[in-house]
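Structure at a glance
The primary structure of each chain is shown beneath.
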Amino acid sequence: MRTLLVTGGAGFIGSNFVHMTRERYPEDHVIVVDKLTYAGNRANLAGTDVEFFEGDICDAALMDRLVGRADVTVHFAAESHNDNSLRDPRPFVDTNLVGTFTILEAVRRHGNRLHHVSTDEVFGDLSLDDPKRFTEETPYNPSSPYSATKAGSDHLVRAWVRSFGLRATISNCSNNYGPYQHIEKFIPRQITNILAGQTPKLYGTGEQVRDWIHVDDHNAAVHLILERGRDGETYNIGADNDHVNNKAVIELICELMDAPGYEHVADRPGHDQRYAMDSTKLREQLGWAPEYTDTQTGMRAGLDQTIDWYRTHEDWWRPAKQQVEQGYAERGQ
Ligand code: NAD
Ligand code: DAU
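Here goes a summary of the coordinates provided. This is a predicted model, so every value here is computed, not measured.

As for the packing of helix α10 (residues 300-312) against helix α11 (residues 314-330)
Their axes nearest at 6 Å, the elements α10 and α11 cross at an angle of 75°. Between α10 and α11, the crossing angle belongs to the class labelled roughly perpendicular. Contacts between α10 and α11 involve Trp309, Tyr310, Arg311 and Thr312 from the former and Glu314, Trp316 and Trp317 from the latter. Across the contact of α10 with α11, the residue classes break down as 4 nonpolar, 1 polar and 2 charged.

A few points about the packing of helix α1 (residues 12-24) against helix α7 (residues 215-228)
It is the contact of α1 with α7, at a shortest axis distance of 9 Å, that shows an interaxial angle of 65°. Where α1 crosses over α7, the handedness of that crossing is right-handed. Counting all contacts with α1, which are made through Phe12, Ile13, Asn16, Phe17, Met20, Thr21 and Arg24, the residues of α7 involved are Val215, Asp216, His218, Asn219, Ala220, Val222, His223 and Leu226. Of the residues contributing to the contact of α1 with α7, the split by class is 8 nonpolar, 5 polar and 2 charged.

What to know about the pattern of salt bridges
On inspection of all chains with the given rule, the structure shows 24 salt bridges. A salt bridge links aspartate 242 to arginine 133; its shortest N-O distance comes to 2.8 Å. With a gap of 109 residues between them, aspartate 242 in the loop between β10 (234-237) and α8 (246-257) and arginine 133 in the loop between β5 (113-119) and α5 (145-164) connect regions that are remote in the sequence. Residue classification places arginine 133 among the partly exposed residues on the basis of a relative accessible area of 33%. Residues glutamate 325 and lysine 321 are paired through a salt bridge, measuring 3.2 Å at the closest nitrogen-oxygen approach. Linking glutamate 325 with lysine 321, this pair stays in helix α11, spanning 4 residues, or about one helical turn.

What to know about the nonpolar core
Formed by 47 residues in total, the largest nonpolar core has its most connected members in Val6, Phe17, Val32, Ile187, Val249, Ile253 and Met299. Every residue in contact with valine 249, bar those within four places of it in the chain, is listed here: Phe186, Ile187, Trp212, Val244 and Met299. Formed by 21 residues, the second largest nonpolar core is a distinct cluster that contains Val33, Ile57, Leu62 and Leu66.

So, helix α6 (residues 186-195)
Across the 10 residues that make up α6, a large majority, 9, are buried. Within α6, the full set of buried residues consists of Phe186, Ile187, Pro188, Arg189, Gln190, Ile191, Thr192, Asn193 and Ile194. On its buried face, α6 is in contact with β7 (176-177), β8 (201-203), α8, α10 and α11. Just past α6, the residue glycine 197 takes up positive phi, approximately 80°.

About the cut-offs
Residues numbered from 1 in each chain as written. Chains lettered and ligands numbered in written order. Predicted model: local features only at pLDDT ≥ 70, side-chain atom pairs only at ≥ 80, totals over all residues. Heavy atoms only, no water. Axes fitted to C-alpha atoms, helices over the stretch in contact; angles between N-to-C directions. Helix = DSSP H or I, 4+ residues; strand = E, 2+ residues; numbered from the N terminus. Parallel < 35°, antiparallel > 145°, perpendicular 65-115°, else oblique. Contact = heavy atoms within 4.5 Å. Nonpolar A, V, L, I, M, F, W, Y, C, P; charged D, E, K, R; others polar. Left-handed = near helix turned anticlockwise from the far one by under 90°. Salt bridge = Lys/Arg side-chain N within 4 Å of Asp/Glu carboxyl O. Buried < 20%, exposed > 50% of the residue type's maximum accessible area, 1.4 Å probe, protein only. Core = buried A, V, L, I, M, F, W, Y, C linked by side-chain atoms within 4.5 Å.

This is how it looks when you write it as structure tokens:
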């Protein structure tokens, strides 16, 4: 039996991780710490018997106390939305950098383990005609305040490993989709637009490519890294969807939901063009493979399941919808 401390466990990926942990590892004890920002929702953990603490990962005393009780800390908490980081970068510096530093110091004091959850965006972007994929050796070149603070947090983890012998692993994953994702993000925004009778919104031309992965495939990889990953190592996670652009995704959502069409809106400033992950190391060394795959876009089954979830959970997304759309409308998006 392990005790897992899950930071950001009331957010999108963290809460899915907790649900998967309860199902697949029922003997584990799970502690969740979450600040419950606009992106966190206690209801995401309904039905799970976790020990929940509402708190900030920048609170050194709290983190020392909670990390001290865990065998491993799985660190999901972050400010996660690029568009928000362009408006106000400050919370990104606080949570992603100072918060990760605070956790590292607690783990260093207690000598237990950390898994740090990071993103493919630390590598920057590829041009649309560049067929390369990011490997674990690709140099960091982040574009936005969000990705720069995530890159900084990865550097902090590696420095603590090298300088203090911290026992830590890092994973860098591509764009997730699935249940419980905040409706500010691309896929749930379009699904809930259609459900609310509004037109889906595509930034710019929609040629940008994101290497989409279902959240359960991401979290299965995290569990595998917890079980078999080697301390000090980094693992890329991606489901080989780097041939699917935003236009194709929005068209597929419209098709699956029988919606008449979408509109083009103002592009994101500094919009990253293409992400593509090479997850060979994870596949070959740890034996991971994604389950949500199909021959057409690699996303049809996962999107169907996700659309169904938003259709049956209107009470979950409806209260935030108007405010989210008002924020986008103010920016012509
Ligand atoms: P999210 O925004 O849905 O959830 C973040 C959670 O962290 C929320 O519950 C929020 O309340 C909590 N939080 C924020 N600041 C906090 C603080 N100071 N103290 C405690 N809790 C705090 O994010 P997500 O999409 O679930 O992403 C989770 C992690 O995965 C992040 O580290 C993100 O960088 C990484 N990631 C996300 C994606 C993706 O596609 N969403 C892809 C790769 C990596
Ligand atoms: O790559 C991993 C990253 O994926 C994570 O690290 C981030 O936490 C996560 O938010 C996500 O970042 P993106 O900026 O790629 O995701 P987002 O859902 O905001 O946008 C996906 C793409 O869709 C992007 O090219 C912008 C576009 N978009 C977005 C929105 C909200 C639209 O075309 N229309 C929209 O309404």
